[in-house]
Amino acid sequence: MANAPIKLLIAASGTGGHLFPAIALAQKLPDYEIEWLGVPNRLETQLVPKQYPLNTIAVEGFQQGFGFASLKVLGKLTGSIIEVRRILQQGKFQGVLTTGGYIAGPAVIAARSLGLPVIFHESNALPGKVTRFFGPWCTAMALGFAEAAQYLPRAKNVCVGTPVRSQFLDQISHASLDLAIPDNVPLIVVFGGSQGAVAVNQLVRESAPAWFDAGAYVVHLTGDRDPDAGSLKHPQYLELPFYDNMAVLLQRAAIAISRSGAGSLTELAVCGVPAILIPYPFAAEDHQSYNADVFTKAGAALTFKQSELTAQKLQSQVLDLLQSPAELTKMGENAQAIAVPDSAEKLASLVREVVET
Ligand SMILES: CC(=O)N[C@H]1[C@@H](OP(=O)(O)OP(=O)(O)OC[C@H]2O[C@@H](n3ccc(=O)[nH]c3=O)[C@H](O)[C@@H]2O)O[C@H](CO)[C@@H](O)[C@@H]1O
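Positions within a chain are numbered from 1, following the residues in the order the chain's sequence is written. In keeping with the predicted nature of the model, local features appear solely for residues at pLDDT of at least 70, side-chain atom pairs appear and are counted solely at 80 or more, and the whole-chain, interface and lining totals rest on all residues. Calculation of side-chain values draws on the structure's entire complement of heavy atoms; hydrogens and water are dropped beforehand.

UniProt positions are given in the numbering used here, feature names are shortened, and annotations may be inferred rather than shown by experiment. On record in UniProt, under Function (unreviewed entry), the comment for the chain is "Cell wall formation. Catalyzes the transfer of a GlcNAc subunit on undecaprenyl-pyrophosphoryl-MurNAc-pentapeptide (lipid intermediate I) to form undecaprenyl-pyrophosphoryl-MurNAc-(pentapeptide)GlcNAc (lipid intermediate II)." Quoted verbatim from the Catalytic activity (unreviewed entry) heading of the UniProt record, the comment on the chain is "di-trans,octa-cis-undecaprenyl diphospho-N-acetyl-alpha-D-muramoyl-L-alanyl-D-glutamyl-meso-2,6-diaminopimeloyl-D-alanyl-D-alanine + UDP-N-acetyl-alpha-D-glucosamine = di-trans,octa-cis-undecaprenyl diphospho-[N-acetyl-alpha-D-glucosaminyl-(1->4)]-N-acetyl-alpha-D-muramoyl-L-alanyl-D-glutamyl-meso-2,6-diaminopimeloyl-D-alanyl-D-alanine + UDP + H(+)".

Let us look at the overall build of the chain. Broken down by element type, the chain carries 12 helices and 13 strands. Computed over C-alpha atoms, the radius of gyration of the chain comes to 21 Å, within 12% of the 21 Å expected from 2.2 N^0.38 for 357 residues, which places it in the range of a compact globule. Summarising its shape, the C-alpha atoms of the chain cover approximately 65 × 55 × 35 Å along the three principal directions. Here the Shrake-Rupley method, with its probe set to 1.4 Å, supplies the accessible areas, and only the displayed protein chains count as covering residues. With an accessible surface of roughly 16000 Å², the chain has 53% of that area assigned to carbon and sulfur atoms. Separation between the mean location of the 26 positive side-chain charges and that of the 30 negative ones in the chain comes to 9 Å. Segments assigned H or I by DSSP are reported as helices when at least four residues long, segments assigned E as strands when at least two residues long, and all are numbered from the N terminus. Only C-alpha atoms enter the radius of gyration, while the globule expectation follows 2.2 Å times N to the 0.38, with N the number of residues. When charges are tallied, Lys and Arg are placed among the positive residues and Asp and Glu among the negative ones, while His and the ends of the chain are skipped. Every charge is mapped to an atom, namely NZ of Lys, CZ of Arg, CG of Asp or CD of Glu.

Here the focus is the pairing of strand S11 (residues 255–258). For a regular strand, side-chain orientation follows a simple rule: the groups alternate between the two sheet faces. Buried means the residue's accessible area, taken with a 1.4 Å probe over protein chains only, is under 20% of the maximum for its type, while exposed means over 50%, and partly exposed covers the values in between. Judged by which residues are buried, S11 turns out to be covered on both faces: Ile 255 and Ile 257 on one side and Ala 256 and Ser 258 on the other are all buried. Looking at chain direction, strand S8 (residues 187–191) and S11 are connected through four bridges and run parallel. Bridge pairing in S11 links Ile 188 to Ile 255. Of the pairings in the sheet, the one linking S11 to strand S12 (residues 275–277) comprises three bridges and is parallel in character. Any two strands with at least two DSSP bridges between them are considered paired.

Another point: the domain arrangement of the chain. Domain parsing of the chain yields domain 1 (7–164 + 341–356) and domain 2 (169–338). Reported domain spans reflect what an automatic or database domain assignment gives. Just the C-alpha atoms count here: the centres of domain 1 and domain 2 sit 29 Å apart. Pairs of residues are marked as contacts when any of their non-hydrogen atoms sit within 4.5 Å. Contact with domain 1, which involves 16 residues of that partner, is made by 13 residues of domain 2. Once two parts are joined, some of their accessible surface, as seen by a 1.4 Å probe, is lost; buried area is that loss totalled over both. Contact between domain 1 and domain 2 buries roughly 1400 Å² in total, counting both sides, with carbon and sulfur atoms accounting for 69%. Any carboxyl oxygen of Asp or Glu within 4 Å of a side-chain nitrogen of Lys or Arg constitutes a salt bridge here. The tally of links between domain 1 and domain 2 comes to one salt bridge. Glu 285 is paired through a salt bridge with Arg 132; the nearest N and O atoms lie 2.9 Å apart. We define a polar contact as two N or O atoms separated by no more than 3.5 Å, with the added condition that, inside protein, one atom must be a possible hydrogen donor and the other a possible acceptor, whereas residues neighbouring each other in sequence contribute only through side-chain atom pairs. Taken together, the connections running from domain 1 to domain 2 amount to four residue pairs in polar contact (both at pLDDT 80 or more). Here the nonpolar group is Ala, Val, Leu, Ile, Met, Phe, Trp, Tyr, Cys and Pro; Asp, Glu, Lys and Arg are the charged ones; every other residue, Gly included, is treated as polar. Grouping the constituent residues of the side of domain 1 that touches domain 2 by class yields seven nonpolar, six polar and three charged.

Moving on to the site of the ligand. Put simply, a residue is near a molecule or strand once any heavy atom of it comes within 4 Å of that molecule or strand. In the neighbourhood of the ligand, 23 residues make up the surrounding shell, with Asn 124, Ser 194, Ser 264, Glu 267 and His 287 lying closest. At a separation of 2.9 Å, an oxygen atom of the ligand approaches a polar backbone atom of Gly 17. Within the backbone of Gly 263, a nitrogen or oxygen atom sits 2.8 Å from an oxygen atom of the ligand. Isolated, the ligand exposes 770 Å² of accessible area, and the fraction of that covered by the protein chains is 91%. Where the shell around the ligand is concerned, the elements lending two or more residues are helix H1 (16–27), helix H8 (262–271) and helix H9 (287–297). If you count residues domain by domain, the shell around the ligand takes at least three from each of domain 1 (7–164 + 341–356) and domain 2 (169–338).

Structure, rendered in structure tokens:
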């Protein structure tokens, strides 16, 4: 009789940055029976149910300080630990993988209290508070950037890179870009993480006319909460709230202007795209600046603090780069040198090692 498949619960919730790596990993474990743990009304409810059964629990983060609101959160956390224990026991799961965030707390506590192995994947260069707190309890800590290990001295760290969606690893042909961009023009791609970045959008709209004069096209992914969407019109300018086919788009890009979430950076590295990075200034503990530092130090990107960047400065930096093809090539090569294209396989091997032994 064939062995029953291994059952793995994946706790990944919230943003593209947490979900895409987990989905990429899951696709590398086709012989496993995988279920998901998420939160109602977050991105997982759109991305996951087509592929994996989704269990949802109510969980949220602690506020600063410890008041009545935090007591309520503590109550919810206790309830969610009990709920995850029930899911793990009833489903006879043999292990848990999490990509961090609020969902990781109840997932790690419930699994470890039942003696189940936990693999934690942290994609940021500065691990989040939840990762630092729960890291030592996990069976393995998989890191997106080697730089993160210094903040996790008691965890069992293994650097595996961050898995990218399978579209980034498939053969990509420029012909399949379904946007009207002529061949042989420099393309600037602007995106602000999975939600868009209104402040970056404003700087780009002010700067772009000089880039058009220099012959460049701009594809601007604005997110769906930009009050100025639609305000700039130009034949060399394409504005979209969100675009799915990022792999083909980034392959075609001469320069990217981006926030520095771990997911975005990983994709820029895999596609070898030179970048101007503007870390999101309100990200928890300024972790996007730590991510950006890795790329700046490698010579793959130029990083600017949002508070210090004017439209004029952004405009001239991009023009300088457009006029320095050798510099762009070098930055692209440096970006590719950081990439771990087989990260999903590496993480899948780690999961097998931890869960099956
Ligand atoms: C605001 C914030 O705190 N964001 C965090 C969040 O990621 P968040 O999801 O905001 O940002 P990431 O850069 O990690 O990922 C964005 C993803 O969205 C995709 N995309 C974006 C625009 C678009 O039109 N189409 C599209 O597919 C990108 O290709 C990328 O895969 O979790 C990451 C992983 O912990 C962190 O590093 C980020 O700092």
